[in-house]
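# Inside the fold
Read off the chains here:
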Amino acid sequence: MDALVRELQRAVGSRYVLSRPQELLVYEYDGAVERALPSVVAVPGSAEQAAQVVGIARRHGVPVVPRGAGTGLSGGAIPVYGGVLMPMTRLNRVLEIDVAERTAIVEPGVVNIDISKAAEPYGLRYAPDPSSQKACTIGGNVAENAGGPHCLAYGVTTNHVMGMEIVLADGSPAWVGGRSHELPGYDLRGVLIGSEGTLAVTTKVAVRLQPVPEAVTTMLAIFQDEDDASAAVSAIVGAGIVPAAIEMMDRLTIQAVEPAIHAGYPPDAGAVLLVEVEGLRESVAEESEEVQQVCYRHGATEVRVADDPTLRERLWAGRKTALGALGRLAPNYYLLDGVVPRTRILEALRRIREISGEYALPIANVFHAGDGNLHPCILFDERIGDQLRRSKEAGAAVLRTCVDLGGALSGEHGVGLEKQEYMDLCFSDADLDAMARLNPAFGAGDTFNPGKVFPTGASCVELLQHPAIARLGADAFV
Ligand SMILES: Cc1cc2nc3c(=O)[nH]c(=O)nc-3n(C[C@H](O)[C@H](O)[C@H](O)COP(=O)(O)OP(=O)(O)OC[C@H]3O[C@@H](n4cnc5c(N)ncnc54)[C@H](O)[C@@H]3O)c2cc1C
């Protein structure tokens, strides 16, 4: 261990190697509920240093777990087998913006929203906008194939990334995909996007940019219950309108958000939809009128229309900070990411209500309704009895419901540790075997992020997740 630390210090500088217990504790968790400590943290300042870290870890026979901002919700950045945790956050430069080609090349630690900020002076933006976009990194977005509210109209990360520079497990650099346009041949870029840091480390990303729309209108449609709001979602899309976003929040979420953010959501509403249309001024006016009519036909009690940027921002602030606001209701949440066909949202929400009752845990719903991408948020207190265990069991019941309704385990948060034991609900052994063959094709072995995505037998992971205090002792706390 000492030799490993010394070599890492030589590679990235002593300041950027953390190995004291109280330093490691900061890296034992991400946005999910699982925890495990790394053996050491090394923060490279360049792609070359990242390659050196990979080489050193490999020589010492320990894994490397790449990490972005740690906002992942499926435990992807949790080092279940210890080893070297490698945050990529020092690689945070926008290297190039090509206005004519509408592309940018950025380092993996660039925060999602900073790409749009850098492109804004040229009238451009990066479209995928996870609700965590003020914190999460593009490297994490690529690894998880992240989505966001506006991915309904524009597609998810894979539709906006043309290529990446990567470091392979033997420490060698490679470029997959194009720097400014599509390339013929096998789509290795597509294979790596969504591979959750298990095949390679991303060190540069070439992204597409798109023009900022001429006009944007955001509508807050207020409903007495989730049933009417769900029916309105299907009806909007069924009417041939393709809004940029359709997001839903239920009563419990509104009750947490409104006192915290003052977004203007009526506290007594049963559910609200945030619907955004954007594009040319004339078509936006026409579509927003149509959306309002559909919502009223499906029982909306009121539809508020915001064209002004300040008002729109306020409406979105409620949605984008909803998860933080849920902290007012319980100290912990377990956020799920199942998908159902849009037409079955209503059934899914009813079943989620039942599951909430069966496990005696409140479940708030705040989600990308237009995509059928549910985010049931199970609220619990890990300090109380068996609430953590019950929340995981309730989560499993929700995921099964999504698959039974013809949906999928994950819309955008990835599989990570959270859903690996449920992969067989969606995939046959042959499917999983075909996916596993990508590991030797990339020569990854056990180097990158082992213990993720594929079923391992839950107990083996749980055994490794002793509470940090048990391993580190009382002096772990600073
Ligand atoms: C409040 C909140 C709202 C969210 N909303 C959304 C949403 O709307 N849509 C959505 O898709 N997600 C959302 N998320 C989840 C999360 O923000 C995304 O999954 C995001 O892509 C993770 O980025 P990160 O930088 O935090 O990555 P991390 O959590 O640090 O890592 C995630 C995975 O990426 C891998 N990784 C990170 N960097 C690299 C790299 N350079 N090379 C290789 N692998 C790497 C890690 O090993 C890990 O497996 C939300 C999370 C929170 C807390």
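Just above sits the structure.
What comes next is a walk through the structure. (Residues numbered from 1 in each chain as written. Predicted model: local features only at pLDDT ≥ 70, side-chain atom pairs only at ≥ 80, totals over all residues. Heavy atoms only, no water.)

Bringing the overall build of the chain into the picture now. Scanning the chain from terminus to terminus reveals 18 helices and 18 strands. Computed over the C-alpha atoms, the radius of gyration of the chain is 22 Å, within 12% of the 23 Å expected from 2.2 N^0.38 for a compact globule of 478 residues. Of all 478 residues assigned to the chain, the portion counted as buried reaches 55%. Taking the intrachain contacts of the chain between residues at least 6 apart in sequence as the baseline, contacts between residues at least 24 apart amount to 73%. Accessible surface for the chain amounts to roughly 19,700 Å². Of this, 52% is attributable to carbon and sulfur atoms. (Helix = DSSP H or I, 4+ residues; strand = E, 2+ residues; numbered from the N terminus. Rg over C-alpha atoms; globule rule 2.2 N^0.38 Å. Buried < 20%, exposed > 50% of the residue type's maximum accessible area, 1.4 Å probe, protein only. Contact = heavy atoms within 4.5 Å. Areas by Shrake-Rupley, 256 points an atom, 1.4 Å probe, with all protein chains shown as cover.)

With that out of the way, let us pick up the site of the ligand. With respect to spatial proximity, 35 residues lie near the ligand, and among them Pro66, Gly68, Thr71, Ser132 and Thr137 are the closest. At a separation of 2.5 Å, an oxygen atom of the ligand approaches a polar backbone atom of Pro66. In this structure, His368 approaches the ligand through a side-chain N or O atom, which is 3.4 Å from an oxygen atom. Coverage of the ligand by the protein chains reaches 95% of its 970 Å² of free accessible surface. (Near = heavy atom within 4 Å. Polar contact = N/O pair within 3.5 Å; in protein donor to acceptor, adjacent residues only side chain to side chain.)

The next subject is the packing of helix α13 (residues 345–358) against helix α14 (residues 387–404). Following both chains from N to C, one finds α13 and α14 inclined at 160°, their axes separated by 10 Å at the closest point. Of the possible angle classes, the one that applies to α13 and α14 is roughly antiparallel. Handedness of the crossing formed by α13 with α14: right-handed. Seen from α13, the contacting residues are Arg351, Ile352 and Ile355; seen from α14, they are Ala394, Ala397, Val398 and Thr401. Here the contact of α13 with α14 is composed, by residue class, of five nonpolar, one polar and one charged. (Axes fitted to C-alpha atoms, helices over the stretch in contact; angles between N-to-C directions. Parallel < 35°, antiparallel > 145°, perpendicular 65-115°, else oblique. Left-handed = near helix turned anticlockwise from the far one by under 90°. Nonpolar A, V, L, I, M, F, W, Y, C, P; charged D, E, K, R; others polar.)

Our next topic: the pattern of salt bridges. Across all of its chains, the model carries 26 salt bridges by this definition. Arg353 is the partner of Glu226 in a salt bridge, and the nearest nitrogen-oxygen pair spans 2.4 Å. With Glu226 in helix α8 (residues 226–238) and Arg353 in helix α13, this residue pair connects regions lying 127 residues apart in the sequence. Given the relative accessible area of 42%, Arg353 is considered partly exposed. Shared partners join several salt bridges into a network, and the residues in it are Glu226, Asp227, Arg350 and Arg353. (Salt bridge = Lys/Arg side-chain N within 4 Å of Asp/Glu carboxyl O.)

The next point concerns the packing of aromatic side chains. For any pair of aromatic rings, geometry is given as the distance between the ring centres together with the angle between the planes. Applying the stated criterion across every chain yields a total of zero aromatic pairs. Sitting over the face of the ring of Trp175, Arg179 holds its NZ or CZ atom 3.9 Å from the ring centroid. The residue whose ring lies beneath Lys320 is Trp316, and the NZ or CZ to ring-centre distance is 5.7 Å. (Phe/Tyr/Trp six-rings, centres within 6.5 Å; stacked < 30°, edge-to-face > 60°. Lys NZ or Arg CZ within 6 Å of the ring centre and 35° of its normal.)

A large share of strand β12 (residues 215–223) lies buried, amounting to nine of its nine residues. Judged from the nine bridges that link them, β12 and strand β14 (residues 271–279) form a sheet pairing that is antiparallel. Paired with Phe223 across the two strands is Ala271, which belongs to β14. (Pairing = 2+ DSSP bridges.)

Our next topic: the side chain of Glu247. Along the chain, the position of Glu247 falls in strand β13 (residues 245–250). A polar atom in the side chain of Glu247 sits 2.8 Å from the side chain of His368. Each residue touching Glu247, except ones within four places of it in the same chain, is listed here: Pro149, Val272, Leu273, Leu274, Trp316, Arg319, Phe367, His368 and Ala369.

Across the sheet, which stays open at both edges, the seven strands sit in the order β15-β12-β14-β13-β17-β18-β16 with antiparallel pairing between neighbours. Each edge of the sheet is formed by a strand with only one pairing partner; in this case those strands are β15 (302–306) and β16 (332–335). Adjacent strand axes in the sheet meet at a mean angle of 20° when their direction is disregarded. Where β12 lies against β15, five bridges are found, and the strand directions are antiparallel. Bridge pairing links Leu220 to Arg304 in β15. Each of β12, β13 and β14 touches α8; the most contacted strand, β13, lies at about 175° to it. Against the sheet, helix α9 (residues 251–261) contacts β13, β14, β17 (363–367) and β18 (376–380), and its axis sits at roughly 90° relative to β13.

The next subject is the sheet that holds strand β2 (residues 40–42). Pairing within the open sheet is mixed, and its four strands lie in the order β1-β2-β4-β3. Of all the strands in the sheet, just β1 (17–18) and β3 (64–67) have a single pairing partner and so form its edges.

One non-glycine residue, Ala360, adopts positive backbone phi at about 50°. Tracing the chain through its elements places Ala360 in the loop between α13 and β17. Assessed through its relative accessible area of 57%, Ala360 is described here as exposed. In this structure, Val453 is a non-glycine residue whose phi angle is positive, near 70°.

Now for the environment of Gln292. Mapped onto the elements, Gln292 comes out in helix α10 (residues 281–297). A residue is classified by how much of its surface remains accessible, and Gln292, at 15% relative accessible area, is buried. Contact partners of Gln292, with chain neighbours within four places excluded, come to Met219, Val303 and Val305.

Remark: α8 packs on α13, axes separated minimally by 9 Å, with the N-to-C direction vectors making an angle of 150°. Between α8 and α13, the crossing angle belongs to the class labelled roughly antiparallel. When the axes of α8 and α13 are compared, the crossing they make is right-handed. For the pair α8 and α13, contact is made by Glu226, Asp227, Ser230 and Val233 and by Ile345, Leu346, Leu349, Arg350 and Arg353, respectively. In the contact of α8 with α13, the residues fall into four nonpolar, one polar and four charged.

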